[in-house]
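Descriptive analysis of the structure
Residues per chain, in single letters:
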Amino acid sequence: MADGCACDRHAHMYVSVEQALQRGLEVAPCIAETETLPLIDAIGRVLAEDCFSKVDLPAFDNSAMDGYAVRSGELIDGDVHHLTIAGRVAAGDSGAHEAPAGSALRILTGAPVPKGFDAVVMQEDCQITDGAIRFSRTPKPGQHIRRAGEDLSADAPLLAKGCEIGPREVAALAAAGYGTVTVRRKLKVTMFSTGSELREAGEELGPGQIYNSNRYMLRAMLDKPWIELTDAGPVKDDPEILEQVLRNACDTSDLIITTGGVSVGDEDHMPRLFEEIGGEIDVMKVAMKPGKPILFGRRGNALYVGLPGNPVSAYVTWQVIGSQIMASRAGLERKRPAPEQAVLAEPLQRHKGRQEYRPVRVDGVSPDGRPKLRLMAESYSGRVAMLAQADGLAVLPAELESMPAGQALEFLRL
Ligand code: AMP
Ligand code: MG
C-alpha cells in the first residue's frame, strides 16, 4: 500500500486473538427486530423469546409398552396372576374405558391409561389363552406408565432465547403446544471477494489467474436459514468499484464480509476505502497465524469483517473470530466450542509471537485415548487443498517455541 498506509496508522491495533474476539463481540449488538412465524417456518431460525411449556408433557398418563393394563392393588404377590381381558385401548382412544374387578385391558404404546389402572404388564411377560392373560411377576404401581408432566410440566422453562431452532428444538416446541414462535429477523449479510486475479469455478484460466475459492467457502459458511445473503460477486482491485460495492453493502446490510485486500500491498484497498466511506476501524491486525491481517469495523448499523485473501487464513479467521461476531449480531447465544485435548505425534519447533492454528491430521490415539496429531506443513496459509484434507487445527499458544512428541495440546476438530 502507498503512502498513508492504514496499517501504519493503526499499528496500535495489533491485538491478541482473545482481545480481537472480545472487541468484535462488544461492537456486535444483536439485531433488535423480531417476527412471529408459524412453527414450521421458524425451523433453523434464532429463537427470540424464552419458551415455557404450554401443556404437561406428556399431557396424560400413557402406556410405554404394548401389553396389559392392570390394577396392581388387586394382585397378591407370589401368586401366578390370571385376569380376563375386558377391552382394548389404543393410542388416540379417549381412555374412558371401564372394566370389572379382576380384569385387565389390552393396552398399546401411547394409549391413555384408563382410570383406576396403575401398571402395565409387557405382552412378552404374559401368556394369552381364551381372552385371558397369565403372568407371574407382580408389577409395581406405575410400571411402564409415562406419567403426565414427567418430561416437563406446564409453565416450566423449555428453551431459552438465543438458540438455533434445530430438529430437537422444533420437536420440543411442537410438543409443548407452540403453533407460532418469535424469532429474530434474518441477518442481512453481504459478501464479496476481492482480487483482479480471480476467475470463477469452471471458467478458463488466463495467465496469472486463479480460481476464486473464497467465494465458494463463504457461500458454504453463510448458507443458514437465519441469514438473508447477498453475494455481491467477485470484485476487481479497482478502488472505485470496490468503494461503490462496499458503500452499497454498508447501506443495506447488518454485516459485510469480504476476502482479500486487507493487507499492506499496493492493491490492498479495503481499510482505506472503509474509512473513506465513513467507517470506523476497531481491529486491524491480530497476532494470529494464519490470518494476521483481519479487519473489523463499523459504519452506522453495519458491521464490517474483512478477512484475508489467502483461503486458509480466511477460513481460520472466520472460524475463530468472524463467525462468533456474526452469531452475536444474529442473536445467537451459544457456548464457544471447547477445544479437544490431543497429543503431538512428533516434536515441534516454531517461531513464537502469534497464536497459531495449524492444520493437522489425526494419526492414531495415545495410550490414554487422546488423538495423536501430525502437523501438516509449516507454511500453509494459501494451501486450500491441504485444508480440505486436514482433520482439524492444532492450537499453538503465542509464546510456544518447541514441544516434544507426546506433549498435550488443544485441537479444534473440523
Ligand atoms: P490478498 O489478501 O488480497 O493480498 O490475497 C492474498 C493471497 O490470497 C493472494 O495470493 C491471492 O491471490 C489469494 N486470494 C485472494 N482472494 C482469493 C480468493 N477469493 N480465492 C483464492 N485465493 C485468493
Ligand atoms: Mg488481493
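Residues numbered from 1 in each chain as written. Chains lettered and ligands numbered in written order. Predicted model: local features only at pLDDT ≥ 70, side-chain atom pairs only at ≥ 80, totals over all residues. Heavy atoms only, no water.

What follows is about the pattern of salt bridges. Considering all chains together, one arrives at 23 salt bridges under this definition. One salt bridge connects R350 with E356, and the closest N-O pair in it is separated by 3.1 Å. A relative accessible area of 1% means that E356 is categorised as buried. For D368, the salt bridge identified is with R370, shortest N-O distance 3.0 Å. Take D368: its relative accessible area is 52%, and that puts it in the exposed class. For R370, a relative accessible area of 25% translates into the label partly exposed. (Salt bridge = Lys/Arg side-chain N within 4 Å of Asp/Glu carboxyl O. Buried < 20%, exposed > 50% of the residue type's maximum accessible area, 1.4 Å probe, protein only.)

Counted according to the given criterion, the structure contains one aromatic pair. A ring pair is formed by F274 and Y304, whose centres lie 4.9 Å apart and whose planes are at 45°; its orientation type is tilted. A residue pair is termed long-range when its members are at least 10 positions apart, and F274 in helix α6 (residues 270-276) and Y304 in strand β22 (residues 302-307) qualify at 30 residues. For F274, a relative accessible area of 0% translates into the label buried. When the ring centre of Y178 is taken as origin, the NZ or CZ atom of K54, which lies over that ring, is 4.4 Å away. (Phe/Tyr/Trp six-rings, centres within 6.5 Å; stacked < 30°, edge-to-face > 60°. Helix = DSSP H or I, 4+ residues; strand = E, 2+ residues; numbered from the N terminus. Lys NZ or Arg CZ within 6 Å of the ring centre and 35° of its normal.)

What follows concerns the sheet that holds β22. Backbone hydrogen bonds hold the strands of a sheet together, and the pairing may be parallel or antiparallel. Strand order in this open sheet of seven strands is β1-β19-β21-β22-β18-β14-β17, and the pairing throughout is mixed. With one partner strand each, in any of the chains shown, β1 (14-15) and β17 (227-235) form the two edges of the open sheet. Bridge analysis of strand β18 (residues 255-259) against β22 gives five bridges, and the strand direction is parallel. Bridged to I256 within β22 is Y304. Relative to strand β19 (residues 280-286), helix α2 (residues 17-26) is tilted by about 160°, and along the sheet it contacts β1, β19 and β21 (293-299). In this fold helix α5 (residues 239-252) packs onto β14 (187-194), β17, β18, β21 and β22, with an angle of close to 170° to the strand it touches most, β14. (Pairing = 2+ DSSP bridges. Contact = heavy atoms within 4.5 Å. Axes fitted to C-alpha atoms, helices over the stretch in contact; angles between N-to-C directions.)

In the vicinity of ligand 1 there are 15 residues, among which E197, N212, S213, G261 and G309 approach most closely. A distance of 2.8 Å separates a nitrogen atom of ligand 1 from a polar atom in the side chain of N212. Between ligand 1 and N214, the relevant distance is 3.3 Å, taken from a nitrogen atom to a side-chain nitrogen or oxygen of the residue. Contact with the protein chains covers 76% of the free accessible surface of ligand 1, which is 480 Å². Across the shell around ligand 1, the residue classes break down as four nonpolar, nine polar and two charged. (Near = heavy atom within 4 Å. Polar contact = N/O pair within 3.5 Å; in protein donor to acceptor, adjacent residues only side chain to side chain. Areas by Shrake-Rupley, 256 points an atom, 1.4 Å probe, with all protein chains shown as cover. Nonpolar A, V, L, I, M, F, W, Y, C, P; charged D, E, K, R; others polar.)

Domain annotation for the chain reports domain 1 (6-33 + 186-330), domain 2 (36-57 + 157-184), domain 3 (62-146) and domain 4 (340-413). A straight line from the C-alpha centre of domain 2 to that of domain 3 covers 36 Å. (Domains from an automatic or database assignment.)

At the junction of L57 and P58, the peptide bond is cis and its omega measures out at -10° in the coordinates. Examined against the element boundaries, P58 turns out to sit in the loop between β3 (51-52) and β4 (62-63). You will see that H144, though not glycine, has its phi angle at about 60°, which is positive. Tracing the chain through its elements places H144 in the loop between β10 (132-135) and β11 (145-146). For H144, a relative accessible area of 26% translates into the label partly exposed. Not every positive phi belongs to a glycine, and D155 is a case in point at roughly 75°. Mapped onto the elements, D155 comes out in the loop between β11 and β12 (157-159). Taking relative accessible area as the criterion, D155 reaches 63% and is therefore assigned exposed.

Moving on: the nonpolar core. One finds L222, V286, I321 and M326 to be the most contacted residues of the largest nonpolar core, which totals 46 residues. Shared between two domains, this core takes at least three residues from each, and those domains are domain 1 (6-33 + 186-330) and domain 4 (340-413). Leave out the neighbours within four places in its chain, and L222 touches V189, M191, I227, L229, I257, W318 and M326. Listed in part, the 18 residues of the second largest apolar core include F192, V245, V262 and I281. (Core = buried A, V, L, I, M, F, W, Y, C linked by side-chain atoms within 4.5 Å.)

Another aspect to go through is the state of the cysteines. Tallied over the entire structure, the rule returns zero disulfides. Take C30: it sits in no disulfide, and the sulfur closest to it among the cysteines is that of C163, at 13 Å. Not part of a disulfide, C163 finds its nearest cysteine sulfur in C51, a span of 7.5 Å. You can call C163 buried: its relative accessible area is 16%. (Disulfide = S-S within 2.5 Å.)

Positionally, P367 belongs in the loop between β25 (355-365) and β26 (371-375). Classification of P367 as exposed rests on a relative accessible area of 91%. Spatially, the C-alpha atoms of P367 and P397 are 24 Å apart, while their sequence positions differ by 30 residues.

Take the side chain of R215 next. Take R215: it is sitting in helix α4 (residues 214-221). Within the structure, the side chain of R215 is placed 2.6 Å from the side chain of E200, a separation counted as a polar contact. Not counting chain neighbours up to four residues away, the residues in contact with R215 comprise M191, S193, E200, D231, G233 and P234.

Relative to the assigned elements, G116 resides in the loop between β7 (103-107) and β8 (119-122). Residue G116 is classed as exposed on the basis of its relative accessible area of 52%. On a C-alpha basis, the gap between G116 and R71 in space is 6.7 Å, while along the polypeptide they are 45 residues apart.

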